[in-house]
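An overview of the molecular structure
The chain contents come next:
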Amino acid sequence: MNKHVVLYKKLSAPLMERLQAHAEVTLIDDPKTQEGLARLRDALPQADGLLGASLKLDAPLLDLAPRLKVVSSVSVGVDNYDIDDLTRRGILLTNTPDVLTETTADTGFALIMATARRVVELATMVRNGQWTQNIGPTHFGSDVHGKTLGIVGMGRIGEAVAQRGHFGFGMPVLYHSHSPKPAVEARFNAQYRSLDALLQEADFVCLTVPLTAETEGLIGAEQFARMRPETIFINIARGKVVDEQAMIHALQTGQIRAAGLDVFEREPLQADSPLLQLDNVVATPHMGSATHETREAMARCAVDNLLAALAGERPKDLVNPSAWKNT
Ligand code: NAP
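Residues numbered from 1 in each chain as written. Predicted model: local features only at pLDDT ≥ 70, side-chain atom pairs only at ≥ 80, totals over all residues. Heavy atoms only, no water.

Moving on, we get to the pattern of salt bridges. Counted according to the given criterion, the structure contains 17 salt bridges. One salt bridge connects Arg67 with Asp48, and the closest N-O pair in it is separated by 2.9 Å. In this pair, Arg67 is assigned in the loop between helix H3 (59-63) and strand E4 (70-73) and Asp48 in the loop between helix H2 (34-43) and strand E3 (49-52), connecting sequence segments 19 residues apart. Its relative accessible area of 29% is what places Arg67 among the partly exposed residues. For Asp48, a relative accessible area of 6% corresponds to the buried category. (Salt bridge = Lys/Arg side-chain N within 4 Å of Asp/Glu carboxyl O. Helix = DSSP H or I, 4+ residues; strand = E, 2+ residues; numbered from the N terminus. Buried < 20%, exposed > 50% of the residue type's maximum accessible area, 1.4 Å probe, protein only.)

Written as structure tokens, this is what we have:
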């Protein structure tokens with residue numbers, strides 16, 4: 001019997017063709033609307049595989065999919081999924097690490113540069129016709145080169161941010177992770193710190209941890225209180241790693257200098273968010289991996305993982321290896 005795949009993300013024509021050569025494909029490109037959700041629910045009973053991103057696949061949805069063997073996520077973050085539940089059901093979960101690492105680190109650096117040099121604020125001033133005389137100290141920013149870069153979560157993306165900071169900008173690198181990483185220390189002359197020490201010492205605090213039960217709310221009022229008025233805070237991880245109210249308070253009261261934020265507690269960010277009233281905030285629309293090249297590479301990787309799983313092979317990027325035993 002033909003395999004049946006339900007897509008809840010549009011693929012490029014070549015990838016769609018490749019998938020269709022191996023399976024019957026149903027595309028639902030609006031799964032977050034009521035109509036799209038209804039069509040998804042209709043398609044789930046036939047589904048052997050699912051491929052998409054940023055949809056909460058909860059138990060009632062999974063209950064509708066008794067044939068499901070694999071969920072191929074077009075993302076590296078897997079905080080949208082109940083991994084234990086998928087594993088119990090013997091459903092493989094795959095993600096797309098590596099291919100987005102460099103692009104996401106570029107986004108991190110774009111935010112570092114934009115916040116420190118006040119790029120958005122000053123460019124808006126020029127665009128609004130308010131550049132009427134040479135700028136003075138009230139519009140000056142702060143240096144990036146030579147400042148201390150603190151990375152919370154020294155994984156793939158954290159390392160790529162460290163590489164840019166160390167080699168490109170001569171920045172001393174501090175990091176915090178579950179455990180010290182001797183190879184990273186050797187490569188970037190990086191030093192391990194406790195989270196509290198890093199928050200106190202770093203000029204730039206950059207979050208690159210996954211969202212897990214352990215990291216939810218990791219940075220709250222107590223942590224912002226440890227930072228300095230010069231600290232610039234960058235979040236390219238997930239919004240819920242940070243207590244957003246505490247961050248807003250820290251920004252409004254000058255406890256920290258600025259924030260560059262690609263991710264938020266609730267996305268899309270509401271237009272009336274107090275964050276958007278603050279000149280010292282650069283907010284971007286969860287665009288960490290959003291380049292043509294990288295999004296295509298992620299989709300290709302997700303298709304590879306899906307097809308491997310449907311063919312009974314172990315997919316390269318398997319998130320829940322124990323489900324492999326269960327299949
Ligand atoms: P990764 O290679 O797994 O790295 C994550 C690192 O975080 C690991 O080194 C891990 O440390 C560390 N970590 C985990 N829990 C921690 C904790 N409680 N305290 C301190 N460190 C902790 O993942 P990645 O590929 O770099 O991606 C990281 C995250 O970035 C993803 O999960 C995703 O949420 C986010 N992301 C966002 C975008 C975007 O568009 N903004 C794009 C891509 C990814 P150990 O190695 O010591 O365990």
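Domain parsing of the protein chain yields domain 1 (4-99 + 292-325) and domain 2 (101-283). Each partner contributes residues to the interface: domain 1 has seven residues there, and domain 2 has five residues. Both faces considered, domain 1 and domain 2 share a buried interface measuring about 540 Å² in area, 42% of it formed by carbon and sulfur atoms. The largest per-residue losses of area from domain 1 upon contact with domain 2 belong to Asp79, Asp98 and Thr294, which jointly make up 66% of the total buried on that side. Between domain 1 and domain 2 we count one salt bridge in total. For Asp79, the salt bridge is made with Arg238, and the minimal N-O distance between the two is 2.9 Å. At the boundary of domain 1 and domain 2, one finds three residue pairs in polar contact (both at pLDDT 80 or more). Class assignment for the residues of the side of domain 1 that touches domain 2 results in three nonpolar, two polar and two charged. (Domains from an automatic or database assignment. Contact = heavy atoms within 4.5 Å. Buried area = accessible area lost by both parts, 1.4 Å probe. Polar contact = N/O pair within 3.5 Å; in protein donor to acceptor, adjacent residues only side chain to side chain. Nonpolar A, V, L, I, M, F, W, Y, C, P; charged D, E, K, R; others polar.)

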